[in-house]
Amino acid sequence: MKRGFTLLETLVVIVVIVALAALLLPVLSSARVSARRTSCANNLHALGCALTMYSDLPSFACFPVSRSNGRAEPLPSLGILYRDYVVDYRVFSCPGIPTVQALRRMEPTIAGAKSSLPLDASMTHYAYDSGNKATGYKPHTTKDAMAILVADFSEAGRNADNHGERAGQNCLRVSGSVEWSESISNTVASGSPPVVDVDITADGTLDDPKWENMKSYISQ
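Definitions and cut-offs
- Residues numbered from 1 in each chain as written.
- Predicted model: local features only at pLDDT ≥ 70, side-chain atom pairs only at ≥ 80, totals over all residues.
- Heavy atoms only, no water.
- Pairing = 2+ DSSP bridges.
- Helix = DSSP H or I, 4+ residues; strand = E, 2+ residues; numbered from the N terminus.
- Axes fitted to C-alpha atoms, helices over the stretch in contact; angles between N-to-C directions.
- Phe/Tyr/Trp six-rings, centres within 6.5 Å; stacked < 30°, edge-to-face > 60°.
- Buried < 20%, exposed > 50% of the residue type's maximum accessible area, 1.4 Å probe, protein only.
- Lys NZ or Arg CZ within 6 Å of the ring centre and 35° of its normal.
- Core = buried A, V, L, I, M, F, W, Y, C linked by side-chain atoms within 4.5 Å.
- Contact = heavy atoms within 4.5 Å.
- pLDDT = per-residue confidence, 0-100.
- Salt bridge = Lys/Arg side-chain N within 4 Å of Asp/Glu carboxyl O.

### Some points on the sheet that holds strand β4 (residues 148–152)
Read across the open sheet, the four strands follow the order β3-β4-β5-β6; overall the sheet is antiparallel. Two strands in the sheet have a free side with no partner beyond their single neighbour: β3 (126–128) and β6 (178–181). Taken pair by pair, the neighbouring strands of this sheet meet at an average axis angle of 25 degrees, ignoring direction. Note: β3 against β4, three bridges, orientation antiparallel. The residue bridging Tyr126 from the neighbouring strand is Asp152, located in β4.

### A short note on the packing of aromatic side chains
Counted according to the given criterion, the structure contains two aromatic pairs. Here Tyr54 and Tyr85 contribute two aromatic rings whose centre-to-centre distance is 5.6 Å and whose plane-to-plane angle is 70 degrees, an arrangement assigned as edge-to-face. Taken together, the positions of Tyr54 in helix α1 (residues 7–56) and Tyr85 in the loop between α2 (74–79) and α3 (100–103) put the pair 31 residues apart, joining distant regions of the chain. For Tyr54, a relative accessible area of 4% translates into the label buried. Of note, Arg37 hangs over the ring of Trp180, and the distance from its end group to the ring centre comes to 3.7 Å.

### Considerations on the nonpolar core
Membership of the largest hydrophobic core comes to 29 residues, with the highest contact counts inside it found for Leu47, Leu51, Leu81, Phe92, Leu119 and Val150. Examining the composition of this core, we find that six residues originate from one element, α1, more than from any other. Beyond its immediate chain neighbours, meaning those up to four positions away, Phe92 contacts Leu47, Leu78, Tyr82, Val86, Leu103, Met106, Leu119, Met123, Thr124 and Tyr126.

### A few points about the confidence of the model for the protein
Low-pLDDT stretches of the model should not have their predicted coordinates read in fine detail. Across the protein, the average pLDDT comes to 80, with 77% of residues at or above 70. In this model residues 204–220 is a low-confidence stretch, pLDDT under 50, and it forms 55 contacts with partners more than four residues away in sequence or in other chains.

### Things to note about the pattern of salt bridges
Scanning the model with the defined rule gives six salt bridges in all. The partner of Arg158 in a salt bridge is Glu155, with the nearest N and O atoms 3.9 Å apart. You can call Arg158 buried: its relative accessible area is 15%. In this structure Glu155 comes out as partly exposed when scored by relative accessible area, which is 43%.

Structural data, given as structure tokens:
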């Protein structure tokens, strides 16, 4: 005679499955967050390579800068890399807060011609800072190896929430290294004392008139 599961046995199995799920879901969630963080670091590494190539030839050692009404525009400036130096627009999207759908609207920037729809805050959760207050808004050079060029970003004055609420951010330094930082305070240049910027992403608008003479800007 065939015998099925009793109600008690069924309930025991359900309880075991629920318990296992409760144990495994946080692990799977943590693995997903870690994978997105690693993918984000790979994006920043690719942007670092593109920035280095850009500064090597067309810009006479300067990073890309786009100006409008006398002000430097950080994200359109970063967008100059597309497509001559960054072919895949997904590189501009942080996997933690993906914006790929918005990026698809960005038209190509080729041979220095600006896109009719440049990179903006709706398309990316990265911040670009080619010079900052601690260095007098001058373009970063190799002497500023510790300065941060691109980083996860939500708003000035607080840690990015791309990979968790106030968890920290991936940062691309001038030296080319990609590092995880739990603080928005940033060492810009070595020395005695070292030059420190209290906010790695707050100095996006660069109003120094000397930027008008930057060869990086003129060459575009």
